[in-house]
Amino acid sequence: MKNELAYTSPNAWERYADARKDVQALAGRYLDFISRCKTERETVAYVLERLAEAGYGEDFGAARVMRPLRGKALFAARRGTAPLKDGLALIAAHADSPRLDFKQHPLVEQPGVVQAKTHYYGGIRKYQWLARPLALHGVVIRENGERVDVSIGEKPGEPVFCIADLLPHLAQKQAGQKLSEAFEAEKLNIILGHAPDGPKPSRRAKKDDKEDSLKDALLRLLHKKYVISEEDLITAELQAVPAGAARFVGFDRALLGGYGQDDRICVFAALEALLTADAGAPRPMAVMFWDKEEIGSDGATGAASRFFQYCVEDLAAAWAPGTSASHVLLNSRALSADVQAALDPDFQEVHEKQNAALIGHGPCFSKFTGSRGKYGASEADAEFFGELRGILNGRNIPWQAAELGKVDLGGGGTVALFLAAYGMRVIDLGPALLSMHSPFELASAADLYATVEAYRAFFEA
């Protein structure tokens, strides 16, 4: 395909031709990460484990600190050679992804099957979740406070779950409907079981006898195998996600396919950069991983909460007594680490090609977010953008700049505006994806490598 960009962004594969083994090694570790971490809780647990191995602890008086919040958000920071009053070098990303959540009363018996009713989370295309293997992840908290971690459908030999699709022979009416009407949210019901317990002892039927229900059989199985009751399901957090491991895609193994790369690819890249950045870097560096970005960043673990602010206040009190946390925030520089939509080879008409991201051409700067006249946007100033451009060019790191789709047709939001509210300088930077928000997103292994390099360069500048 002809590259129609007026400014030709560098090809990341050409830039890293001599580092192909390193690119593939990083990609392999990343595929393991997104195969294991399919929820925000699993992602935060992974990050905590790696930070602990690197000497991070929850004592804010130490040089390397971390603080999780309810297993769904996490702040970590490391001292630099410059004073904290000069601000942080911060990379912020989100750990949640679109999915199907169990309703509070999930179990329903339908003809021949027991299903779980769901409420979709974030921006999904509903039809993509039908007729595909699903796994269950989450936590069940018993009334005594005991916690049961759930992950079913990932290991060889484990059962998977699914939503049945309508056969084409009976879908003529559906085929003529608008996409938004053809697939109803209330019909995203996941099949959990089908068989009764087994044969019952023969007995003479009585007038008041009721046939044993499939739902009752499933509940007995859940209690026997997992010691989970129906009441436990009311207070549980259970998510249905695509089952199976992430994979290399293509004969050349250059693409990475898997669920939840928006935005866990940026979580992984930011963590790698934090753990490998030069110890002599001047500015104190930090990462902030939030939940709830896909539904507006509200809630205690989302970017709209004050958790990040409280962490900076405690950091200032421990590292620089007498320094105002507001001054630290105002003087900080931040990357909103989030993905961009790559130019889709089959739907190029929805992009404005001169301002579209190309997969395999390095991480993409999004100077502004929002939609339709930049409403709901955070927009970086030219001075900060120019400074970052110089940092990446100085290290020969490929990068590009784009916006999400044509004006009035595209757009979207990130956590950037929540950081900008403190007055800090912030811009979006992350790799471009194909099939974003689908159950199987695609990223370039070279873009992942370049993104880690870019985040590390930002930390060390």
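> Please clarify how the overall build of the protein should be interpreted in this entry.
From N to C terminus, the protein includes 13 helices and 19 strands. In terms of overall size, the protein behaves like a compact globule, its C-alpha atoms giving a radius of gyration of 24 Å where 461 residues would be expected to give roughly 23 Å. Overall, the protein is about 85 × 55 × 45 Å in size when its C-alpha atoms are taken along their principal axes. Put simply, the protein has 461 residues, and 50% of those count as buried. Taking contacts inside the protein between residues at least 6 apart in sequence as the whole, the part at least 24 apart equals 77%. Taken as two groups, the 54 positive and 61 negative side-chain charges of the protein have centres that lie 2 Å from each other.

> Would you explain the packing of aromatic side chains in this entry?
Describing an aromatic ring pair means giving the distance of the ring centres and the angle of the ring planes. Tallying each qualifying case throughout the model produces 15 aromatic pairs. When the centroid spacing of 4.9 Å and the interplanar angle of 75° are considered together, the rings of Y16 and Y449 count as edge-to-face. Taken together, the residues span a long stretch of sequence, with Y16 in the loop between α1 (12-15) and α2 (20-36) and Y449 in helix α13 (residues 445-460) at a distance of 433 residues. Residue class for Y449 comes out buried when judged on its relative accessible area of 15%. Between F365 and F385 the ring centres are 4.9 Å apart and the planes differ by 55°, which places this aromatic pair in the tilted class. Of this pair, F365 sits in strand β15 (residues 364-366) while F385 sits in helix α11 (residues 382-394), and the two are 20 residues apart along the sequence. Across the pair, F385 and F365 agree in class, each one buried. Here a set of aromatic residues connected by ring pairs shows up, and it is made of F60, F75, W290, F308 and Y422.

> For this particular structure, what's the right way to read the packing of α2 against helix α8 (residues 261-276)?
A pair of packed helices is captured by two measures, namely the crossing angle of their axes and the spacing between those axes. Where α2 contacts α8, the axes come no closer than 11 Å and their chain directions differ by 125°. As summarised for this structure, α2 and α8 are arranged oblique, according to the angle between their axes. Once α2 is placed against α8, the crossing between them reads as right-handed. Note on element contacts: α8 touches α2 through Q261, R264, I265, V267, F268 and E272, opposite L26, R29, Y30, F33 and I34. Taken together, the residues that form the contact of α2 with α8 break down as seven nonpolar, one polar and three charged.

Thresholds applied
Residues numbered from 1 in each chain as written. Predicted model: local features only at pLDDT ≥ 70, side-chain atom pairs only at ≥ 80, totals over all residues. Heavy atoms only, no water. Helix = DSSP H or I, 4+ residues; strand = E, 2+ residues; numbered from the N terminus. Rg over C-alpha atoms; globule rule 2.2 N^0.38 Å. Buried < 20%, exposed > 50% of the residue type's maximum accessible area, 1.4 Å probe, protein only. Contact = heavy atoms within 4.5 Å. Lys, Arg positive; Asp, Glu negative; His and termini not counted. Charge placed at Lys NZ, Arg CZ, Asp CG, Glu CD. Phe/Tyr/Trp six-rings, centres within 6.5 Å; stacked < 30°, edge-to-face > 60°. Axes fitted to C-alpha atoms, helices over the stretch in contact; angles between N-to-C directions. Parallel < 35°, antiparallel > 145°, perpendicular 65-115°, else oblique. Left-handed = near helix turned anticlockwise from the far one by under 90°. Nonpolar A, V, L, I, M, F, W, Y, C, P; charged D, E, K, R; others polar.

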